[in-house]
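Spelled out, the chains give:
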Amino acid sequence: MTKPVLRERILAARRAVPAQVRRAEATALQTHLCAVLRSGDTVCGYVPVGSEPGSLALLDALDAAGVRVLLPVARAGQPMRWGAYAPGRLVAAPFGLREPAPPWQEPEAIGAASVVLVPALAVDRRGVRLGRGAGFYDRALPLADPAARLIAVVRDDEVLDELPVEPHDVPMTHALTPGRGIVALVGRE
């Protein structure tokens, strides 16, 4: 199955998930992640859009625990930069996103993170991630610390046996799902 067909199917399935289930899954993701992060850690996160797994409450909980949270700043034709998250201070951004207001940090700021939460439509057991196809994360992830956990955030049924892979795809080290928590992917830690 091609990436565009997979994207369409997964997005349609996500849209069909009732809001109450999405909220419960977001709470479970928050519980799993907060159990492994500590004050002083740096995490690159994201603000979920539409039916993406996660929540602002997760980012707020990390911030309240003393975790430094950096969020992506994406602009067409430019490398992704990063902004420090502050609860209640996000602004509207291109692509229907929300992001921190300036000042922003350079693309290399991702290198300070011990965990990079990566939005994904699916991930396979080898770490191949299916994103939305814009390539922002494919270009940003090579700048991450080689020891950082690269965690695809997905629903339980979005961890698949195999996805199509391309040479530019950066493998994930882990998946974070509501039901299974943080799962090491094959060939990883």
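Model, not experiment: these values are computed from the prediction.

Engineer: Let's hear about the pattern of salt bridges: which residues, and what values?
Structural biologist: Under the criterion given, the structure shown has 11 salt bridges. Residue E166 pairs with K3 through a salt bridge whose shortest N-O separation is 3.2 Å. Remark: K3 occurs in helix α1 (residues 3-15) and E166 occurs in the loop between β10 (159-160) and β11 (174-177); sequence separation between them is 163 residues. Residue classification places E166 among the partly exposed positions, given a relative accessible area of 36%. Between R126 and D124 there is a salt bridge, with the nearest N and O atoms lying 2.6 Å from each other. Classification of R126 by relative accessible area gives partly exposed; the value is 35%. On the basis of relative accessibility, which here comes to 0%, the residue D124 falls in the buried class. Here the residues in one salt-bridge network are K3, E166 and D169, joined through shared partners.

Engineer: Now, about the nonpolar core: what can you tell me, with residues and values included?
Structural biologist: Among the nonpolar cores identified, the biggest contains 43 residues, and W82, I110, V116, L117, V123, L141 and M172 are the most heavily contacted of them. Among the elements of the structure, α2 (19-34), β1 (42-44), α3 (56-64), β2 (68-73), β6 (115-119), α4 (136-140), β9 (149-153) and β11 are those that each provide at least two residues to this core. Sequence-distant contacts of L117, defined by excluding residues within four places in its chain, comprise L33, V43, C44, G45, Y46, L58, Y137, I151 and V153. Formed by eight residues, the second largest nonpolar core is a distinct cluster that contains I10, A122, V128 and L130.

Engineer: Explain the UniProt feature "binding site: substrate" (unreviewed entry) in the protein chain residue by residue, including any values.
Structural biologist: UniProt tags V47 and E52 as "binding site: substrate" (unreviewed entry). When you line up the elements, V47 lands in the loop between β1 and α3. By relative accessible area, which is 7% here, V47 ends up buried. Along the chain, E52 turns up in the loop between β1 and α3. Excluding anything up to four places from it in sequence, E52 contacts R14, Y46, V47, P119 and R132. Engagement of the side chain of E52 in a polar contact is seen with the backbone nitrogen of V49, the distance being 2.9 Å.

Engineer: Which residues make up the side chain of R155, and what values go with them?
Structural biologist: Assignment of secondary structure puts R155 in the loop between β9 and β10. Look at R155 and you get buried, because its relative accessible area is 12%. Of note is the side chain of R155, whose polar atom sits 2.8 Å from the side chain of E25. Filtering out sequence-adjacent residues up to four positions away, R155 remains in contact with R14, V17, V21, E25, P53, T177 and P178.

Reading guide: rules and limits
Residues numbered from 1 in each chain as written. Predicted model: local features only at pLDDT ≥ 70, side-chain atom pairs only at ≥ 80, totals over all residues. Heavy atoms only, no water. Salt bridge = Lys/Arg side-chain N within 4 Å of Asp/Glu carboxyl O. Helix = DSSP H or I, 4+ residues; strand = E, 2+ residues; numbered from the N terminus. Buried < 20%, exposed > 50% of the residue type's maximum accessible area, 1.4 Å probe, protein only. Core = buried A, V, L, I, M, F, W, Y, C linked by side-chain atoms within 4.5 Å. Contact = heavy atoms within 4.5 Å. UniProt positions renumbered as here; feature names shortened; annotations may be inferred. Polar contact = N/O pair within 3.5 Å; in protein donor to acceptor, adjacent residues only side chain to side chain.

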